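For reference, the chains in residue letters:
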There are 2 protein chains.
Amino acid sequence: MSETRLHHKFLTMAVVLLAGCAATPAVPPASAPATPVPPPSVLRGTGDLGLIIERATGSVQIVEHSGDSALGRVTGLGDLSHAAAVFSRDGRYAYVFGRDGGLTKIDLLTRVIVKRVIQAGNSIGGAISTDGRIVAAQNYEPGGVKLFDADTLELLSEVSTKDEATGTASKVVGLADLPGNRFAFSLFEAGAIWVMDASDPRAPKVTQYPNIGKQPYDGLGSMNGRYYIAGLYGEDGLALLDLWKPEQGVRRILNGYGRGADPLPVYKMPHLRGWAVSDGRAFFPAIGHNSVVVADTQTWKEVTQVPVAGQPVFAMVSPDGRRVWVNFAFPNNDTVQVIDVPTLAVVQTMKPCKGVLHFEFAPRGEEVWLSCRDENRVEVYDTQTFVRKTTLPADSPSGIFFTWRAARIGL
Amino acid sequence: MSETRLHHKFLTMAVVLLAGCAATPAVPPASAPATPVPPPSVLRGTGDLGLIIERATGSVQIVEHSGDSALGRVTGLGDLSHAAAVFSRDGRYAYVFGRDGGLTKIDLLTRVIVKRVIQAGNSIGGAISTDGRIVAAQNYEPGGVKLFDADTLELLSEVSTKDEATGTASKVVGLADLPGNRFAFSLFEAGAIWVMDASDPRAPKVTQYPNIGKQPYDGLGSMNGRYYIAGLYGEDGLALLDLWKPEQGVRRILNGYGRGADPLPVYKMPHLRGWAVSDGRAFFPAIGHNSVVVADTQTWKEVTQVPVAGQPVFAMVSPDGRRVWVNFAFPNNDTVQVIDVPTLAVVQTMKPCKGVLHFEFAPRGEEVWLSCRDENRVEVYDTQTFVRKTTLPADSPSGIFFTWRAARIGL
């Protein structure tokens, strides 16, 4: 590292520390995790808790969004360069899925690791069953889905995605929970959607929908559990399964939504998630285009494309349904834009910091937390006024996950 | 009480106690509330907690829906003959609104009353602001709305509904939270909807919508915060305010929905609530008719009326959006029916017990709790199979409220 870059880094750290002193309690250093004997302060509600993935250090910060403060840090979670989390149905425990195949159960109250298993070679996420008793992990390597007991992390069963004819085990993407202890997921190489009924988690039943299109790269379950939609990397469209009418099978929607424009190089894979639906409209990040695609959820036809500042990564509807917040791939990952749902116009463009990787809303949407990886901080904004409320120092933050997800379908 | 009725009551109690022994831990008697010194067991998540109103004894039971058990009882809440509850944003505290104007803050973890104020002469409910800092109470006597600090229950301000010309203070009904720390409510005598911006809770600003129709009796805020709808007792229709287009004012919808049929005597006022919306359809209990009215949420025209077993009281969509559960007024309050949303057909009719006053879903909808007032118990059913999972003894149970409401708009 050159002297100039070092100097810059120290300056950045000083700014971060100053910002932290002004508004938030100090975060305990990584070497001082929460003590195993719970202090009185751990007796508290869990509805306003959450965690911030610190991707470079394999740690998470435990935070709360009533006072917008950090409560502590848990270390030793392995490779979190791409990580996601789900929560136990009581909101006390987080299950963190790491890139290295690690699955770590954290107690948010006492801030300790309860259990950690290495369950695969390469994993990018998971889901939790409707009843909260089964944690499902989707794996790149060796492919497939594994089901674990949410209490003990005991392995209950494994569904292989290996094609016996070709010997290829498909990477699993877009795992989403569905009502009735079911899960839906997509097979990247096989171009398929599978729906798993895990009512008996030791003997799950799988229904396969083959030939859905080339290279599904992510999927979403709608918040009412009705639709599962996979984005296709290998073609210009999405694949939709109506779980209220499964006999109709999977159909293609928004075919050719990139029509007429030359696709740009793709710098970062966009994400799909169930909360990108509001007021009869679904919002999808286009791939290789600087636009958000808007579809009608009755007809699943394209309504319009909203031009935005870069290639969108996340397009998420705020819980009040009024606005869609969008972040972008490099080189526009210093920008966040806000789309007004009734007018479909961009009403706000912000440049909060460099490297906005992810954002998370408070459960009723009054504030949003933005992770600023390249500036080692998390910014909290008032969603009504777009005014910054506070700043929290964090080490290369990426995903931010709040416990209210435990009470939602499709997250 | 006659000997026969006494005998019947003892028999019922024996059955209840037996049922309780089999499946649930004993509920502490009313004389032994949770000790002020928290036992270790109170260190737990709050996402699966809730309470059951015991209407005849002025008590509430604290329950949890991961193991479907009772944790304890809190007494001394006054007249709970019509009561409702909201929750703090961290899920730890409940605010119970009693018929006698009492507002009681309960700590669900330590199971003690933190604070109790008598804030009016007659009240039927309240709401909590988006940011969780303001508790609003809607009052019958002396009318109006009062705003309280959620931490201390300090009175912050009061909005009077007294008409200076006539001297009449309207009863307030249908209070619902809206995004941006706003509230909407209806004035029974004045026939008006008011929207209050409580961003500054010591000086709230009110926008009045007069002449909305005769005798609004309840209201709902849609879960995305867009619509406020008041049911009209004095005429045959509902009043709708689109808060995304407030300049359009209030308009009448479903006018004459009881056309052609002779209205029956009304035994119990039905309730409206925001979760009666699914898949572009809104479900309303008809007044004085044995039907559930279905409206299209784009046009707000009537789609159909679903004939049901009695006069509906609550028509609530399960969190997975697939089904609408309905209970009924006397003499059909031993019955519960379930409507399938895509086909609008009644797919299940159950007679779980006498006096089904209310029901509440687990946050992701896998189970539902039914209060059986006349049989002193609460029944827990699997919503997929309609099989009873367990029974909990309770003293004249009415409302059941789970903490997941804290993370929702419009409840």
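Residues numbered from 1 in each chain as written. Chains lettered and ligands numbered in written order. Predicted model: local features only at pLDDT ≥ 70, side-chain atom pairs only at ≥ 80, totals over all residues. Heavy atoms only, no water.

Going by what an unreviewed UniProt entry lists, chain A is known as Protein NirF and is assigned to Fluviicoccus keumensis.

(A) Quick peek at the overall build of chain A. Looking only at helices and strands, chain A has one helix and 32 strands in total. A fraction of 44% describes how many contacts in chain A between residues 6 or more apart in sequence connect residues 24 or more apart. Accessible surface, chain A: about 15000 Å² in total, of which carbon and sulfur atoms supply 52%. (Helix = DSSP H or I, 4+ residues; strand = E, 2+ residues; numbered from the N terminus. Contact = heavy atoms within 4.5 Å. Areas by Shrake-Rupley, 256 points an atom, 1.4 Å probe, with all protein chains shown as cover.)

(B) Structural context of the relation of the copies chain B and chain A. Take chain B, turn it by 180°, move it 0.0 Å along the axis, and it overlays chain A with an RMSD of 0.0 Å. Such a turn and shift between the copies fits a two-fold axis. Here 100% of the contact residues of chain B are again contact residues in chain A; the copies associate through an equivalent surface. (Least-squares fit on C-alpha atoms with pLDDT ≥ 70 in both.)

(C) Layout of the packing of aromatic side chains. This structure, assessed with the given rule, holds 16 aromatic pairs over all chains. These aromatic residues form a ring-pair network of at least three members: Phe314, Trp325, Phe359, Phe361 and Phe386 of chain A. Its end group placed over the ring of Tyr93 of chain A, Lys105 of chain A keeps NZ or CZ at 4.5 Å from the ring centre. A cation sits over an aromatic face here: Lys171 of chain B above Tyr140 of chain B, 6.0 Å from the ring centre. (Phe/Tyr/Trp six-rings, centres within 6.5 Å; stacked < 30°, edge-to-face > 60°. Lys NZ or Arg CZ within 6 Å of the ring centre and 35° of its normal.)

(D) Layout of the pairing of strand β13 (residues 182-187) of chain B. Residue and element names in this part refer to chain B. Most of β13 sits out of view: five of its six residues are buried. Here strand β12 (residues 172-178) pairs with β13 via five bridges, running antiparallel. Considered in β13, the bridge of Leu178 is made with Arg182. What sits between β12 and β13 in their antiparallel hairpin is a turn of three residues, with Gly180 showing a positive phi close to 80°. Examined bridge by bridge, β13 and strand β14 (residues 192-197) share six bridges and lie antiparallel to one another. Each residue of the ladder has a partner; that of Phe185, found in β14, is Trp194. (Buried < 20%, exposed > 50% of the residue type's maximum accessible area, 1.4 Å probe, protein only. Pairing = 2+ DSSP bridges.)

(E) Summary view of the state of the cysteines. Residue and element names in this part refer to chain A. Scanning the entire structure with this criterion turns up two disulfides over all chains. Here Cys353 is linked by a disulfide to Cys372, with a sulfur-sulfur distance of 1.9 Å. Given an S-S torsion of about -75°, the disulfide between Cys353 and Cys372 has left-handed geometry. Of this pair, Cys353 sits in the loop between β27 (345-350) and β28 (356-361) while Cys372 is found in strand β29 (residues 367-372), placing the two residues 19 residues apart along the sequence. Across this residue pair, the class does not change: Cys353 and Cys372 are buried. (Disulfide = S-S within 2.5 Å.)

(F) Molecular detail of the sheet that holds strand β10 (residues 145-149) of chain B. Residue and element names in this part refer to chain B. Strand order in the open sheet formed by four strands is β8-β9-β10-β11, with antiparallel pairing between adjacent strands. Every interior strand has two partners, whereas the edge strands, β8 (122-128) and β11 (155-159), have only one. With strand direction ignored, the average angle separating the axes of adjacent strands in the sheet is 20°. Pairing of β8 with strand β9 (residues 134-141) involves six bridges; the strand directions are antiparallel. Bridging from a neighbouring strand, Gly125 pairs with Gln138 of β9. (Axes fitted to C-alpha atoms, helices over the stretch in contact; angles between N-to-C directions.)

(G) Broad picture of the pairing of strand β23 (residues 302-307) of chain B. All names here are of chain B. Relative to β23, strand β22 (residues 291-296) runs antiparallel, the two sharing five bridges. Along β23, the bridge assignment pairs Val294 with Thr304. Where β22 hands over to β23, the hairpin turn is made up of five residues, of which Trp300 adopts a positive phi near 60°.

(H) Broad picture of unusual backbone geometry. Residue and element names in this part refer to chain A. Here Glu141 and Pro142 are connected by a cis peptide whose omega angle stands at 15°. With respect to the helices, strands and loops of the structure, Pro142 is situated in the loop between β9 (134-141) and β10 (145-149). Of note, Gln215 is a non-glycine position whose phi angle comes to about 55°, a positive value. With respect to the element layout, Gln215 can be found in the loop between β15 (205-209) and β16 (216-221). Positive phi, close to 45°, is recorded for Ser396, a residue that is not glycine. Looking at the secondary structure, you find Ser396 in the loop between β31 (388-393) and β32 (397-402).

(I) Molecular detail of the pattern of salt bridges. Under the counting rule described, the total for this entry stands at 44 salt bridges over all chains. Its salt-bridge partner being Glu366 of chain A, residue Arg89 of chain B comes within 2.7 Å of it at the nearest N-O pair. Remark: Glu366 of chain A occurs in the loop between β28 and β29 and Arg89 of chain B occurs in the loop between β4 (84-87) and β5 (93-97); the pair is interchain, linking two chains. Each of the two residues, Arg89 of chain B as well as Glu366 of chain A, counts as buried. (Salt bridge = Lys/Arg side-chain N within 4 Å of Asp/Glu carboxyl O.)

(J) View of the interface of chain B and chain A. Each side of the interface is counted separately: chain B has 47 residues, and chain A has 47 residues. Together chain B and chain A conceal approximately 3800 Å² of surface at their shared face, both sides included; 50% is due to carbon and sulfur atoms. Contact with chain A buries area across many residues of chain B, yet Arg89, Trp244 and Arg364 of chain B alone supply 24% of it, more than any other trio. Viewed at the interface, chain A and chain B are joined by six salt bridges. Arg226 of chain B is paired through a salt bridge with Asp279 of chain A; the nearest N and O atoms lie 2.7 Å apart. (Buried area = accessible area lost by both parts, 1.4 Å probe.)

(K) Expanded view of the environment of Phe185 of chain A. Residues and elements named next belong to chain A. Here Phe185 shows up in strand β13 (residues 182-187). C-alpha separation for the pair Phe185 and Gly174, spaced eleven residues apart in sequence, amounts to 5.2 Å. The residues touching Phe185, leaving out its near neighbours within four places in the chain, are Val145, Thr161, Val172, Val173, Gly174, Leu175, Ala192, Ile193, Trp194, Met196 and Tyr228.

(L) Representation of the side chain of Gln119 of chain A in the model. Residues and elements named next belong to chain A. Assignment of secondary structure puts Gln119 in the loop between β7 (112-118) and β8 (122-128). There is a polar contact of 2.8 Å between the side chain of Gln119 and the side chain of Asn139. Not counting residues within four places of it along the chain, the set of residues in contact with Gln119 comprises Gly101, Leu103, Ala137, Asn139, Lys146 and Phe148. (Polar contact = N/O pair within 3.5 Å; in protein donor to acceptor, adjacent residues only side chain to side chain.)

(M) Seen up close, the sheet that holds β7 of chain A. Residue and element names in this part refer to chain A. If you walk across this open sheet you meet the four strands as β4-β5-β6-β7, and the pairing is antiparallel. The sheet is open, and its two edges are formed by β4 (84-87) and β7, each paired on a single side. Across the sheet, the mean angle separating the axes of adjacent strands is 20° when strand polarity is ignored. Of the pairings in the sheet, the one linking β4 to strand β5 (residues 93-97) comprises four bridges and is antiparallel in character. The partner of Ala84 across the bridge, within β5, is Phe97.

(N) The confidence of the model for chain A, seen in detail. Residue and element names in this part refer to chain A. Of all residues in chain A, 86% have pLDDT values of 70 or greater, and the mean over the chain is 87. For residues 1-38, every residue scores under 50 in pLDDT, and the model assigns this stretch 37 contacts once sequence neighbours within four places are set aside. The ipTM for the predicted assembly is 0.88, set against a pTM of 0.89. (pLDDT = per-residue confidence, 0-100.)

(O) Region of interest: the environment of Val326 of chain B. Position of Val326 of chain B relative to the elements: it lies in strand β25 (residues 323-328). A C-alpha to C-alpha distance of 34 Å links Val326 of chain B and Thr110 of chain B, two positions 216 residues apart in sequence.

(P) Main features of the environment of Thr403 of chain B. Residues and elements named next belong to chain B. You can see Thr403 is positioned in the segment after β32 (397-402). Using a relative accessible area of 5% as the deciding quantity, one classes Thr403 as buried. Between the C-alpha atom of Thr403 and that of Ile53, which follows or precedes it by 350 residues, the distance is 14 Å. Those residues in contact with Thr403, other than ones at most four positions away along the chain, are Thr46, Gly47, Asp48, Leu49, Gly50, Phe87, Gly91 and Leu108. Within the structure, Thr403 has its side chain in polar contact with the backbone oxygen of Gly47 (distance 3.5 Å).

(Q) The arrangement of the side chain of Gln61 of chain B in detail. One can find Gln61 of chain B in strand β2 (residues 59-64). At 3.0 Å, the side chain of Gln61 of chain B and the side chain of Glu54 of chain B are in polar contact.

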